[in-house]
Amino acid sequence: MHAPRNMPEETRTTLDRAIRLHHAGQIAPAEALYRQVLAQHPTSFEAHTNLGHVLSLRGQSDAAQQHYRRAIAINPRYPIARNNLGGLLLGLGHPDQAIEQFNAALALDSGSVMALNNLGTALRQLGRIDQAIAHHQRALALSPDHVSALNNLALALVARGDLADGIRCYRKAIAAKADYAEAHYNLAGALSRQGEVDEALSCFRTALGLLPRSALFHTGMLLCMHYTDAFTPEEVLSAHQSFDRLLAAPLGPAAGVPVAGGDASFLGRRLRVGYVSADLRRHSVSYFIEPILREHQRHAFEVVCYASVSRPDEVTARLSGLCDAWRDVHKMSDEALAELVRSDRIDILVDLCGHTSDNRLLAFARRPAPIQVTYLGYPGTTGMSAMDYRFTDGWADPEGSTEHLHTETLYRLPHGFLCYQPPADADAPPVGPLPLRAAGRVTFASFNNAPKMTPRVVGVWAAILRAVPESRLLLKTGAYGDAQSQKRVEERFAAHGIPKERLTLLGQVASPREHLAHYHQADIALDTFPYNGTTTTCEALWMGVPVISLEGATHVGRVGVSLLSRVGLEHLIMRTEQDYIEQAVRLSADRDGLSFLRAGLRQRLRDSSLLDPTALVPAIEDAYHHMWQIYSTGQAR
């Protein structure tokens, strides 16, 4: 940042002083001086660029963009303005437009590390991962310790499935800048994905120590806490309540301020229900929300979906046709989303994410609807005082057992809290024959995510393999496409006397049909604990593979109880680890029983409430009416 040579000496001195203040982080006095410079010298493209940067830091995106574009108009060959404008557009969710500016900046200065790094980030957001990696590597060739480029290269590597290389890049960024909070957070996410939960939690704590008010960092740690037995249920609740006290509750309306929403009278009018999610796409949540959207009674409910989806797909398109109104909100701030909900006069707003990626809980914190419910996407409390209810059932949260672990009122749906929509015929192969008969040995399987495979789980599964000679274990998840992640799993089982030859580790595959076809290799599925599977359990059952589950004490470890109870497989719900081992051994020895069960499982699901939205949706709608009656009559929930 340098003053133009044709600028008067006094104005040049003012600009130099503004730049020094800017670099020192004294934003307000720097802004005042930049404006003073522009009043004296309106064609200073440097002052326009620097003022644009100040305004972007203040969140004044429109004004910042105007100053960047003014700088470019004055001097089209000024790369810094183009790079800064690209960064602003990228932050606003316009990666295509950002790429144009970054390429223009690089045409003017091919050695701009910042432009190369930013271009890589934009390409990653568009899913062009290999190109993103190449640009970050070019930036690092010019500046090997550029911490942002290291962090962004790691993000791209992890997105490609190269977990070990991504983790090494994060560690290198942290070595170069120990207080780089974002790198600690991203490292935590990569370690969690690899199954290194304890180290991931340590990294989350470090990140939060550096940025204690980051909602993103909090939500990452809260989800990770569910993967381990290291915390009591009360400690998990307390951590969620801390999120509320620090970040959510302060955003709520002041005491006595009425909550926006529809007319409080009931009188049989249509209720306006809003569903908020980042997962209205090809994602596990879509398998469970689609039947609800499809079966809602439109004469009684007006349904609005608030889709915070950054990369829509064919599932997004299909879901958008199942509601009365579809709002694309992924570029909106939480405050803007809350205002939109208020303007739509939503009566009941339903969160489908909880503390998972790209959630909009801080919009809920602003209390945009009179009744707010959390459902489906998260296995526990949000901890938020602004969330009124949580949908569950009597199997996952037995009456009188877990109420004290929730800030929400539990609303138990009588026929189960989930309705699974199996994949279309084009995406699901038919159930295959029992592989045990052809192979002469049993194959156990789990397609759950790596962080769910805790040391306890490894110990129990290893005991099963030791007790069933020649048996194999098939593990499939995205993390196992990475050679280093595979090696870590093999080492864990080797510590229990299980050689790697008895393991088959598979990574991500190209299509849903190919994914499900791998169940043709499995005789018996093993559920994880303390964090049970949900979609994986439903998929295994749909493919004819029975699932053994260990009953836990709280919702996260009782989803298997709910799912198996609803399809009449209570005998596969075990109360102790020893029972779990013994049932796996017993079932593996019963070839005829396994064949009979396999052949009939898909029809068993079709005949159960698990696949019956005509049982679930009326129960949800009754719940909404009940919640509204409580609200409109002023009763305590």
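The structure we're discussing is the one just above.
Residues numbered from 1 in each chain as written. Predicted model: local features only at pLDDT ≥ 70, side-chain atom pairs only at ≥ 80, totals over all residues. Heavy atoms only, no water.

Caption draft 1: Spotlight on the overall build of the protein chain. Along the protein chain, the regular secondary structure elements total 27 helices and 13 strands. The C-alpha radius of gyration of the protein chain comes to 27 Å, within 12% of the 26 Å expected for a compact globule of 637 residues. Referenced to the eigenvectors of the C-alpha coordinate spread, the extents of the protein chain come out at roughly 95 × 65 × 45 Å. Per-residue burial over the protein chain gives 57% buried out of 637 residues. (Helix = DSSP H or I, 4+ residues; strand = E, 2+ residues; numbered from the N terminus. Rg over C-alpha atoms; globule rule 2.2 N^0.38 Å. Buried < 20%, exposed > 50% of the residue type's maximum accessible area, 1.4 Å probe, protein only.)

Caption draft 2: Main features of the nonpolar core. Counting residues in hydrophobic clusters, the biggest one holds 215 residues, and the most contacted among them are Tyr275, Trp461 and Phe493. Among residues more than four places away in sequence, those in contact with Phe493 are Met453, Val458, Trp461, Ala462, Leu465, Leu473, Leu475, Ile498 and Leu503. (Core = buried A, V, L, I, M, F, W, Y, C linked by side-chain atoms within 4.5 Å. Contact = heavy atoms within 4.5 Å.)

Caption draft 3: Structural context of the pairing of strand E5 (residues 371-374). The side-chain alternation of E5 yields two buried faces, one formed by Ile371 and Val373 and the other by Gln372 and Thr374. In this sheet, E5 lies alongside strand E4 (residues 348-351) in parallel orientation, the contact comprising four bridges. Pairing of Ile348 across the sheet is with Ile371, part of E5. Here E5 pairs with strand E6 (residues 389-392) via two bridges, running parallel. Counted as the bridge partner of Thr374 is Arg390 from E6. (Pairing = 2+ DSSP bridges.)

Caption draft 4: Region of the structure containing unusual backbone geometry. Pro530 follows Phe529 through a cis peptide bond whose omega is 10 degrees. Topologically, Pro530 is positioned in the loop between strand E11 (524-526) and helix H23 (535-542). Here the phi dihedral of Asp358 falls at roughly 60 degrees; this positive angle occurs in a residue that is not glycine. Of note, Asp358 is situated in the loop between E4 and helix H18 (361-364). Residue class for Asp358 comes out exposed when judged on its relative accessible area of 54%. Phi is positive for Arg367, which is not a glycine, with a value near 55 degrees. By relative accessible area, Arg367 is classed as buried at 13%.

Caption draft 5: View of helix H13 (residues 215-225). The buried fraction of H13 amounts to ten of the eleven residues, a majority that puts the element mostly inside the structure. Regarding H13, the residues found buried are Ala215, Phe217, His218, Thr219, Gly220, Met221, Leu222, Leu223, Cys224 and Met225. Contact partners of the buried residues in H13: helix H11 (181-194), helix H12 (197-210), helix H14 (233-248) and H18.

Caption draft 6: Up close: helix H20 (residues 455-467). Counted at 1.5 Å a residue, the expected span for H20 with its 13 residues is 18 Å, and the 18 Å between its end C-alpha atoms agrees. If you check which residues of H20 are buried, you get Val457, Val458, Val460, Trp461, Ala462, Ala463, Ile464 and Leu465. If you follow the buried residues of H20, they end up packed against strand E8 (443-446), strand E9 (472-476), helix H21 (483-494), strand E10 (503-506), E11 and helix H25 (577-588). (Expected span 1.5 Å × (residues − 1).)

Caption draft 7: Up close: the pattern of salt bridges. The tally for this structure, following the rule as stated, stands at 30 salt bridges. Two residues, Glu9 and Arg12, come together in a salt bridge whose shortest N-O distance is 2.5 Å. You can see Glu9 and its partner Arg12 sitting in helix H1 (residues 9-23), three residues apart, about one turn around the helix. The exposed category is assigned to Glu9, whose relative accessible area is 54%. The closest approach of N and O atoms between Arg282 and Glu314, which form a salt bridge, is 2.7 Å. Residue Arg282 is found in the loop between strand E1 (271-277) and helix H15 (284-295), and its partner Glu314 is found in helix H16 (residues 314-320); the two are separated by 32 residues along the sequence. For Arg282, a relative accessible area of 34% translates into the label partly exposed. For Glu314, a relative accessible area of 44% corresponds to the partly exposed category. One network of salt bridges, with partners in common, ties together Glu31, Arg35 and Arg58. (Salt bridge = Lys/Arg side-chain N within 4 Å of Asp/Glu carboxyl O.)

Caption draft 8: Spatial organisation of the sheet that holds E9. Strand order in this open sheet of six strands is E10-E9-E8-E11-E12-E13, and the pairing throughout is parallel. On the outer flanks of this sheet lie E10 and strand E13 (573-574), each paired with one strand and no other. With two bridges joining them, E11 and strand E12 (residues 547-550) adopt parallel strand pairing. Paired with Ala525 across the two strands is Val547, which belongs to E12.

Caption draft 9: Quick look at the packing of aromatic side chains. Overall, the coordinates contain 14 aromatic pairs when judged by the stated rule. Pairwise contacts between aromatic rings join Phe301, Tyr375, Tyr389, Phe391, Tyr411 and Tyr624 into one cluster. (Phe/Tyr/Trp six-rings, centres within 6.5 Å; stacked < 30°, edge-to-face > 60°.)

Caption draft 10: Examining the packing of H1 against helix H3 (residues 45-57) more closely. With their axes 11 Å apart at the nearest point, H1 and H3 run at an angle of 30 degrees to one another. By the angle between their directions, the pair H1 and H3 is classed as roughly parallel. The way H1 lies across H3 gives a crossing that is left-handed. Taken together, the residues of H3 that come into contact with H1 (itself represented by Leu15, Ile19 and His22) are Ala47, Asn50, His53 and Val54. Across the contact of H1 with H3, the residue classes break down as four nonpolar, three polar and no charged. (Axes fitted to C-alpha atoms, helices over the stretch in contact; angles between N-to-C directions. Parallel < 35°, antiparallel > 145°, perpendicular 65-115°, else oblique. Left-handed = near helix turned anticlockwise from the far one by under 90°. Nonpolar A, V, L, I, M, F, W, Y, C, P; charged D, E, K, R; others polar.)

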